[in-house]
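Close look at the chain arrangement
Residues per chain, in single letters:
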2 protein chains.
Amino acid sequence: VKNVMTSRSKWHVPASIVSKRTVNPIRETVFNMRAKPNPDKELISLALGDPTIFGNFKIHESCIDAVIKQLQSYKANGYLPAFGCEEARKALAEKFSTEDAPLTIRDIVLGSGASDALNLAIGALCNEGQNILLPRPGFSIYQTISQSKGIECRYYDLLPDRNWEIDLDQLITLIDDKTACIVINNPSNPCGSNFSRQHLESIIQVCETYKLVIIADEIYEDMVFGSTKFYPIASLTKSVPILKVSGLAKRFLVPGWRVGWVFIYDQNGILDEIRDALLSLSNIILGANSLIQHSIPDILFNTPDEFYQDTINQCERSASVSASVLSEIRGLHVIVPQGAMYMMIGINIEEFKGIKDDVEFAAKLLEEESVMCLPGQCFHYPNYMRITLTPPIEKLKEACDRIREFCIRHHI
Amino acid sequence: VKNVMTSRSKWHVPASIVSKRTVNPIRETVFNMRAKPNPDKELISLALGDPTIFGNFKIHESCIDAVIKQLQSYKANGYLPAFGCEEARKALAEKFSTEDAPLTIRDIVLGSGASDALNLAIGALCNEGQNILLPRPGFSIYQTISQSKGIECRYYDLLPDRNWEIDLDQLITLIDDKTACIVINNPSNPCGSNFSRQHLESIIQVCETYKLVIIADEIYEDMVFGSTKFYPIASLTKSVPILKVSGLAKRFLVPGWRVGWVFIYDQNGILDEIRDALLSLSNIILGANSLIQHSIPDILFNTPDEFYQDTINQCERSASVSASVLSEIRGLHVIVPQGAMYMMIGINIEEFKGIKDDVEFAAKLLEEESVMCLPGQCFHYPNYMRITLTPPIEKLKEACDRIREFCIRHHI
Ligand SMILES: Cc1ncc(COP(=O)(O)O)c(C=O)c1O
Ligand SMILES: Cc1ncc(COP(=O)(O)O)c(C=O)c1O
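Below, the structure is looked at part by part.

Attention shifts here to the sheet that holds strand β9 (residues 260-265) of chain B. All names here are of chain B. What the eight strands build is an open sheet, ordered β2-β9-β8-β7-β6-β3-β4-β5; its pairing is mixed. Here the strands that pair on one side only, and so sit at the sheet edges, are β2 (108-111) and β5 (165-166). Pairing analysis gives three bridges linking strand β3 (residues 131-136) to strand β6 (residues 179-185), with the strands arranged parallel. Each residue of the ladder has a partner; that of L133, found in β6, is I182. In the packing of helix α5 (residues 113-125) onto the sheet, the strands contacted are β2, β3, β6, β7 (214-217), β8 (242-247) and β9, and the crossing angle to β8 comes to about 165°.

Put into structure tokens, the structure is as follows:
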């Protein structure tokens, strides 16, 4: 054995730089909180964006039947193309193609959840040292993915007083030569907002002017309340190239199944290199579970529309019930959602004695009332909190009542 | 709208640098081959490491029952911790813990397939600009992952004349201050080799001397023939820290299910930062399919050992049948495998008229005989080819006969 390098004479195994900058702000905030629920009150969590945990939202039996069929065929256990199985992509193209925004099988790449789809899309478009435009408030995975890759996150503001529309004037000031793309999340987590057609057209106009590729996270597509209408942004432009991200998680209530996708909308061949990039990047983890991929045609075509409408109706009812309680509370400011599964609540923090910010508000609320909400800081939006609309209505009411008690007790 | 930057006045959307360096050598080689099978002969593919495609290897019904149980419970569809569900990690710890290499639930991180587990392990240990030691011949995903991250791949040689043992003298010359870790794949894809206890101890000795963390890809663990014995490398050292990677794919014949794992063996706290790094990195794609994760206890404990032994016996029989035909062929040189699902065959390329290398050999073989093998170049090992032992024995015999015809026809 030849002489040992001095640097290798002792064990020293530091974590990689990339791993250190891969942060999940939700986990960080909640872990650092260290608050415990009040042992005398049953915990009601309004924190997680997982509709399956309470048992009131059940997946449709067509989805179960679809997977059992694949299991019993003994033919859906093998490797699939890393970018997704052909039948699944074909079914998705058929289901989601429209005249204004046509899709073929070549325009679809599957991933392991919408998270992986976002990872592929951001990874294909952005280099280390470039920047990406993200919504504030916004879902934290965009930051987790971008920061991990050394991409600078720049935040454009959503305006609570205008139903969380984008502040386009402020957005424009963020764009420079190193801006690789913009992420637009509509309907929004955490805001529960849904952009009007007109607002979407204004966004497209900006992207056209500044040649900004759009990553459109539309995982809550069609999940809108009442007479509100959802417009897929790709249906409103033929010139701005769009990578749309969505998945099974929310529509079919199966977030654990980990199947998502990227749709490539690019009528002018601007994204030719990006198509290849998505396929290359899919070689790292080799794609999503084969049983679910093979089940996608059945899942898409055998699940009745009423199932999805039921989910929406429940969320809408929860939104209206909780908004009516919470909007009466002094010191809080409710922004009634138009879709998705969440509601943002402003906290006039200076009106609460001895509570310094939203994180402390959430911690105390948990300790005293055993109600868990996510502080706005998880979404880069201090002095707000996000609640989830998916608990059973009685639990949600109970939680809102406890929030009221808490606020009355602490309001100056 | 303020003045538009000149750099943003036209659409220009190049693929990211990372995507361009994310290459799958198997796909590259096979795509560039462009050969078509002979239309007059039925295609027999010995190319893919997927035991499910021929129908002779069927998954055990206990696995099917396990997943159906989870589907029917309606309780396995939600988000799990990104690093894996507790029951699954508990079952794995119970199943794989030994006195020499103990495991607790904290030592286990699940991923979406062994590929994702490798991506987590390499990503936690290595920085861009460092180097990683990889086997030659070796499975291509190590290169795909490492190159994608800007880690330099350095190849240590496996010696065909010594049953593919590592050339440790050559390995030592590769190590420098920037060497982050070594990947050891045992039993090996593509070699079908299985290291002796003595050889493993020599490897450990080198790693101890040079303070090299080991990533042990043992996805073919226990898959060895006859009286050969497999030793998990972690069972032979208490001082060298090891990240062992494995998964459901091969043992349970479900590569499409995409569940793999990293086991952390580190009795001296050398990998403390790496533990956290693995958890951080798992936040990007949020882990593997929940139905399969929840099924892991049943899969591990309800599948009879005979099932696995059957798979091994079939592969062993295939190895011996094909080796006996192929070893008689002039111009070929068979290295009889000791395990896994593959066999490497040396081609004395100068003995074949007008065939320049293994890629051309494989292309012509496909065009003339409709037999598809993977050229050694896919594994950085020219003038070899890899065949898979999983086709039904009659097909495999037929393929070997055709290879003989082909060789006789082209031998000088
Ligand atoms: C806006 C948004 N995008 C993406 C995701 C991630 O989806 P998946 O679970 O399919 O990775 C979520 C999950 O909550 C989300 O809210
Ligand atoms: C040596 C080796 N490691 C890892 C893998 C990848 O396994 P998975 O399909 O679980 O990602 C394979 C698959 O063929 C393999 O041969």
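Following the structure, the description resumes.
Moving on, we come to the site of ligand 2. The local shell around ligand 2 holds 14 residues, among which A:Y79, B:A114, B:S115, B:D217 and B:Y220 are the closest. Per-site note: the chains with residues close to ligand 2 are chains A and B. B:S115 is positioned such that a nitrogen or oxygen atom in its side chain is 2.6 Å from an oxygen atom of ligand 2. One nitrogen or oxygen atom from the side chain of B:D217 is found 2.6 Å from a nitrogen atom belonging to ligand 2.

One turn of an α-helix holds 3.6 residues; hence residues three or four places apart share an orientation. Residues and elements named next belong to chain A. Under the 1.5 Å per step criterion, the end-to-end length of helix α13 (residues 393-410) is 26 Å for 18 residues, consistent within 8% with the ideal 26 Å. Taken together, the buried positions of α13 are I393, L396, A399, C400, R402, I403, F406, C407 and H410. Buried residues in α13 make contact with β1 (44-45), α11 (305-326), β10 (332-335), α12 (358-369), β12 (371-372) and β14 (384-388).

Here we take up the side chain of B:D50. Position of B:D50 relative to the elements: it lies in the loop between β1 (44-45) and α3 (61-73). Notably, B:D50 is buried but unbridged: the nearest opposite-charge side chain belongs to B:K250, and the N-O separation is 7.2 Å. Reaching out from B:D50, the side chain makes a polar contact with the backbone nitrogen of A:Y79 at a distance of 2.7 Å. Here the side chain of B:D50 touches B:T52 through a polar contact of 2.7 Å, side chain to side chain. Look past the residues within four positions of B:D50 in its chain and what remains in contact with it is A:G78, A:Y79, B:P255 and B:T390.

What follows is about the relation of the copies chain A and chain B. Take chain A, turn it by 180°, move it 0.0 Å along the axis, and it overlays chain B with an RMSD of 0.0 Å. Both copies of the chain, as the preceding transformation shows, are related through a two-fold rotation axis. A symmetric contact is evident, with 100% of the interface residues of chain A recurring at the interface of chain B.

Before going further, it helps to examine the site of ligand 1. Around ligand 1 sit 14 residues, and of these A:A114, A:S115, A:D217, A:Y220 and B:Y79 come closest. A:K250 places a side-chain nitrogen or oxygen 2.9 Å from an oxygen atom of ligand 1. Relative to its free-state accessible area of 400 Å², ligand 1 is covered by the protein chains to the extent of 98%. Per-element tally for the shell around ligand 1: the top contributor is helix α5 (residues 113-125) of chain A, with three residues. For the shell around ligand 1, the class distribution of residues is seven nonpolar, four polar and three charged.

Residues and elements named next belong to chain B. Of note, I44 is situated in strand β1. Accessibility expressed as a relative area gives 1% for I44, which makes it buried. When the C-alpha positions of I44 and P14 are compared, they lie 39 Å apart, and in sequence the two are 30 residues distant. Setting aside chain neighbours within four positions, we find I44 in contact with S370, V371, M372, K395, E398, A399 and R402.

Relative to the helices and strands, B:L103 is located in the loop between α4 (86-96) and β2. Setting aside residues no more than four positions away along its own chain, B:L103 makes contact with B:A93, B:F96, B:S97, B:F263, B:I264 and B:Y265.

Taken together, the contacts link 94 residues of chain A with 94 residues of chain B. In total, about 7,600 Å² of surface goes out of reach between chain A and chain B, with carbon and sulfur atoms giving 60% of it. For the chain A face of the interface with chain B, the top three residues by lost area are A:R8, A:W11 and A:Y79, together amounting to 12%. Where chain A packs against chain B, one counts two salt bridges. Elements represented by at least two residues in the side of chain A that touches chain B include exactly α1 (17-20), α3 (61-73), α5, α6 (141-148), α7 (168-174), α8 (197-210), α9 (272-282) and α10 (290-302) of chain A. Grouping the amino acids of the side of chain A that touches chain B by side-chain chemistry returns 48 nonpolar, 29 polar and 17 charged.

The rules behind these values
Residues numbered from 1 in each chain as written. Chains lettered and ligands numbered in written order. Predicted model: local features only at pLDDT ≥ 70, side-chain atom pairs only at ≥ 80, totals over all residues. Heavy atoms only, no water. Pairing = 2+ DSSP bridges. Helix = DSSP H or I, 4+ residues; strand = E, 2+ residues; numbered from the N terminus. Contact = heavy atoms within 4.5 Å. Axes fitted to C-alpha atoms, helices over the stretch in contact; angles between N-to-C directions. Near = heavy atom within 4 Å. Polar contact = N/O pair within 3.5 Å; in protein donor to acceptor, adjacent residues only side chain to side chain. Expected span 1.5 Å × (residues − 1). Buried < 20%, exposed > 50% of the residue type's maximum accessible area, 1.4 Å probe, protein only. Lys, Arg positive; Asp, Glu negative; His and termini not counted. Salt bridge = Lys/Arg side-chain N within 4 Å of Asp/Glu carboxyl O. Least-squares fit on C-alpha atoms with pLDDT ≥ 70 in both. Areas by Shrake-Rupley, 256 points an atom, 1.4 Å probe, with all protein chains shown as cover. Nonpolar A, V, L, I, M, F, W, Y, C, P; charged D, E, K, R; others polar. Buried area = accessible area lost by both parts, 1.4 Å probe.

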